[in-house]
Each structure stands twice: as structure tokens, then as C-alpha cells.
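Here is what each chain is made of, one letter per residue.
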Amino acid sequence: MKAEEKLARQIVETLRSEGETAYFVGGCVRDRLLGRDVQDWDVATSAPAAKVRSLFEKSEEVGAAFGVVLVHADGATVEVATFRKDFDYQDGRRPERVTFTSSVEEDVHRRDFTINGLLYDPRQDRVLDLVVGQEDIANRLVRAIGNPLERFEEDHLRMLRAVRFAARLGFQIEVETRNAIQKSAPAIQRIAAERIRDELARILTEGGARRGLELLDETGLLTQVLPEVAALKGVEQSPEHHPEGDVWTHTLLLLENLPADAPVTLAMGALLHDIGKPATFERGPDRIRFYGHVEVGVEIGGGICRRLRFSNAETEQILALIANHMRFMHLQQMRPSKLKRFLRQADFGQHLELHRLDCTASH
């Protein structure tokens, strides 16, 4: 048993011995049922945050207004949150007001998706399911709890989270939930760029990058957050060099082969490596050409990185990947000194991997 799970069980036992209700909640329950490795263990309880703090010496309150406490022991950390109800979402992200409650039902019904609304009682080895989450796991569905339009109006970021969970788990987005995302998609513009960036990064690096991009497109979110990528659709390429089809198809195939847990810079480089092609498309007498697409791609990619608030170091690496992805075809003609400079680039392994992905996604 890992240290995090051991600590989570100890927390539940301690809270129960103090007369409180306590369960494992959320993603840890979902992933246990799916047989996946659990990364984060969370506990929901009727105990107020002050009581949780008093019971665990190594603890800190990280969300006083939301009743969230982090408990530490033996290098492990578990988040403990008091049951609550949320009210008056004003900014499309966080509630303006919460009330704490002793009702586990009220706490579950404020959450985002049924697959994340499951509770687990470690004492009785029993799942408590108040939102048909187990059925949706069996049917491989991401479904909003309650009215999906209301859930997405409360927190617009949940739309990107729906895509992320569906892509990572290989699930479908339930029809009414998907329809609500399509209707609400423009509201994602109200979310801070940093939060959009983080969700996009996770979509691309958690093992379902191609499906994630397809779902972003199907739900209408892609044109809201990455219109430059949406513009890749329908941009023809020369069949002799790209028998797979247009630039969009090529990018999808490339992302399909992107390894899980790839660095975010490699993932973004893969997504944006041909971002300059729509603006440089030219149908010649003999073949389709994209003169200057690398340079234009660096310019467009830089705008995207700045808009999404990537760090300077991340932006530099992403743009280097875009700038250099065509240079591999000229390696045999390079002078030794130029070749050495090329090979000495920072994180050169990412350049090699992007080239491999680019080749396996085309000819």
C-alpha cells in the first residue's frame, strides 16, 4: 500500500473515531474502479476544517473559505475537504459563497461529473454511489451531475475537464453533456489563460492527445481556445509527401503517436509544428507548396504561447521545435560545425522525437 493511500485510510479512521462522517471521494474512487494507478487521494468529511487541523499535527489550511485542509505524513499528502454547498457563481469559475453541511448528498451534488461523484468507505469496502457514477463508468461515459448547462455556467473550465477525462479514459461525452458544452463553448473565453493552458497541457500529455483534439473540435471548444489549430482542417498537402491527407489529419496522426507523459513543450511543438501552413498554402503547377511556413509558424506559435501564458523557457523550446522541424532533411548536407551546433541544442531529444513523430504521421 502506497504512503498516500495509507495516510488517507488513517485520516478516515481518525475522523470516524471522532464521530464524523468521512469517505474517499472523487478521482481516487473512479481510478480504483477502473483499475488505474491512483495519483491523488482525497477525503470528504463532515468535520469542519478547524477540527481537521486539530486532529492532525502536520496539516495546513489551503482553502479556508472552502474548508480544504492538506494533511501530511511520511512524505505523503492528502486533501481533506468539509462537505459543502456552493452558491452564487459570478466569474464562471468559483462560488462567491459556500455553506458547510453535514449532508454528503449535498456535497456530492455540487460536483462536476458522475464519475467524480463517487464515495468509498474503506471500513466496509463499499462504494457509495448517489449519482449513477458506477453505471457511467461501466458505459464509459462522462456525464455532468444534474443539469449540464448549470454545471458549466457555474464553472466554465469544467467543459475542458470533460474533454480531458474523456480523452484520458477513452470515454465518450454523454449526449446532453456534449450538447451543453457546444452551447456554452464561447463562455470559455472568460476563464484565465493560465487555467486554459493547464487544461490543454493535460489533454495533450495524459495519453489521449489525438482524441482530446478531436473532442475539442467536436464540442466547439477548439475554435474558442485555439482557432489557429482549427484552421488546419481542409488545408491540402501534396499526396506524394503526405498521402495521409490534409494538415489536420497529419497533426491528428502525429498526436496519436505522442507518448503519454510527454513534456508539454514537445506536445505543443507537435501540435503547432505545421501551424504556419494555412497562411502559406500555394498550389503550384506541379505540386502544393508552403514557402516560409516554418518562419510563419514560429510567429503564429509565439502568439499562441504568449496568449496562453507559457513561461519564457517553455515558449523558447516550443518555438525552437517549430523552427527546426524541417532541418533534419538537410543533415547530410550540413558542414560538421553546423551539424554540431544543431545537435547541441537544448533538449535535443525532443527535436529527435518530433522528427520521428512527423515521419510516422506522413510517408
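It should be emphasised that the depicted structure is a prediction, and the values quoted were computed from it without experimental measurement. Per-chain numbering applies: the sequence of each chain, read as written, is numbered from 1 onward. Per-residue local features are limited, in this predicted model, to residues with pLDDT of at least 70; the limit for side-chain atom pairs, both in listing and counting, is 80 or more; totals at the level of whole chains, interfaces and linings are taken over all residues. Each side-chain value is worked out from all heavy atoms of the structure, with water and hydrogens disregarded.

S.K.: Just give me the short version of the side chain of Glu 199, but keep the residues and values in it.
M.R.: Going along the chain from the N terminus, every DSSP run of H or I of four or more residues is numbered as a helix, and every run of E of two or more is numbered as a strand. Looking at the secondary structure, you find Glu 199 in helix 9 (residues 193–205). With a 1.4 Å probe rolled over the protein chains alone, any residue whose accessible area is under 20% of its type maximum counts as buried; one over 50% counts as exposed, and the rest are partly exposed. With relative accessibility at 6%, the residue Glu 199 sits in the buried group. Here a polar contact is recorded for every N or O atom pair within 3.5 Å, except that within protein the pair must consist of a potential hydrogen donor and a potential acceptor, and residues adjacent in sequence are included only if both atoms are side-chain atoms. Within polar-contact distance, the side chain of Glu 199 engages the side chain of Arg 164 at 2.7 Å. If we skip the residues at most four places from it in the chain, Glu 199 touches Leu 157, Leu 160, Arg 161 and Arg 164. Whether two residues are in contact is decided by their heavy atoms: any pair within 4.5 Å suffices.

S.K.: Any details on the layout of surface pockets? Residues and values, ideally.
M.R.: Method remark: on a 1 Å grid restricted to protein atoms, a set of points is classed as a cavity if a 1.4 Å probe fits but cannot get out and as a pocket if it is open with protein on both sides within 12 Å along at least five of seven lines; lining residues have an atom within 4 Å of a point. Grid points are joined across faces, edges and corners, and a volume is the space filled by probe spheres set on the points. By volume, the largest pocket is sized at about 1,500 Å³. Considering the residues around the largest pocket, the lining is formed by 41 residues, among which Asp 42, Glu 79, Asp 112, Arg 161 and Arg 164 are closest to the centre. Breaking the lining of the largest pocket down by element, the ones donating at least two residues are helix 2 (27–34), strand 2 (42–45), strand 5 (76–82), strand 6 (84–89), helix 7 (158–169) and helix 9. Polar here means any residue outside two lists: the nonpolar Ala, Val, Leu, Ile, Met, Phe, Trp, Tyr, Cys and Pro, and the charged Asp, Glu, Lys and Arg; Gly therefore counts as polar. Classifying every residue of the lining of the largest pocket by side-chain character gives eleven nonpolar, five polar and 25 charged. One number sums up the size of the second largest pocket: a volume of about 660 Å³. Residue assignment for the lining of the second largest pocket shows that the elements contributing at least two residues are strand 13 (288–289), helix 16 (293–307) and helix 19 (348–360).

S.K.: Lay out the packing of helix 7 against helix 9 with the relevant residues and their values.
M.R.: Each pair of packed helices can be summarised by the angle the axes make with each other and by the distance between the axes. For the pair helix 7 and helix 9, interaxial distance at closest approach is 9 Å and the crossing angle is 10°. Accordingly, the angle class assigned to the pair helix 7 and helix 9 is roughly parallel. On helix 9, the residues touching Leu 160, Arg 161, Val 163 and Arg 164 of helix 7 are Ile 196, Glu 199, Arg 202 and Ile 203. The residue inventory of the contact of helix 7 with helix 9, partitioned by class, reads four nonpolar, no polar and four charged. Helix axes are fitted to C-alpha atoms over the stretch in contact, other axes to C-alpha atoms as well, and angles between N-to-C directions run from 0 to 180 degrees. Oblique is the label for every angle not falling under 35 degrees (roughly parallel), over 145 degrees (roughly antiparallel), or within 65 to 115 degrees (roughly perpendicular).

S.K.: Can you explain the pattern of salt bridges? Please cite residues and give values.
M.R.: A side-chain nitrogen of Lys or Arg and a carboxyl oxygen of Asp or Glu constitute a salt bridge if their distance falls within 4 Å. Per the counting criterion, the structure on display carries 33 salt bridges. With a closest N to O distance of 2.9 Å, Asp 136 and Arg 143 form a salt bridge. A residue is classified by how much of its surface remains accessible, and Asp 136, at 1% relative accessible area, is buried. Of the charged contacts in the structure, one is a salt bridge between Arg 143 and Glu 174, with a shortest N-O distance of 3.7 Å. With Arg 143 in the loop between strand 10 (141–142) and helix 6 (148–154) and Glu 174 in the loop between strand 11 (172–173) and helix 8 (175–184), the pair connects residues that are 31 residues apart, well separated along the chain. For Arg 143, a relative accessible area of 26% translates into the label partly exposed. For Glu 174, a relative accessible area of 11% translates into the label buried. Connected through shared salt-bridge partners, Arg 84, Asp 86, Asp 107, Arg 110 and Arg 111 make up one network.

S.K.: Any details on the environment of Asp 246? Residues and values, ideally.
M.R.: Structurally, Asp 246 can be placed in the loop between helix 12 (227–230) and helix 13 (247–256). C-alpha separation for the pair Asp 246 and Leu 232, spaced 14 residues apart in sequence, amounts to 7.7 Å. Those residues within four positions of Asp 246 in sequence are excluded, and the remaining contacts are Leu 232, Lys 233, Gly 234, Val 235, Glu 236 and Gln 237. Engagement of the side chain of Asp 246 in a polar contact is seen with the backbone nitrogen of Gly 234, the distance being 2.8 Å. For Asp 246, the side chain forms a polar contact with the main-chain nitrogen of Thr 249, separated by 2.8 Å.

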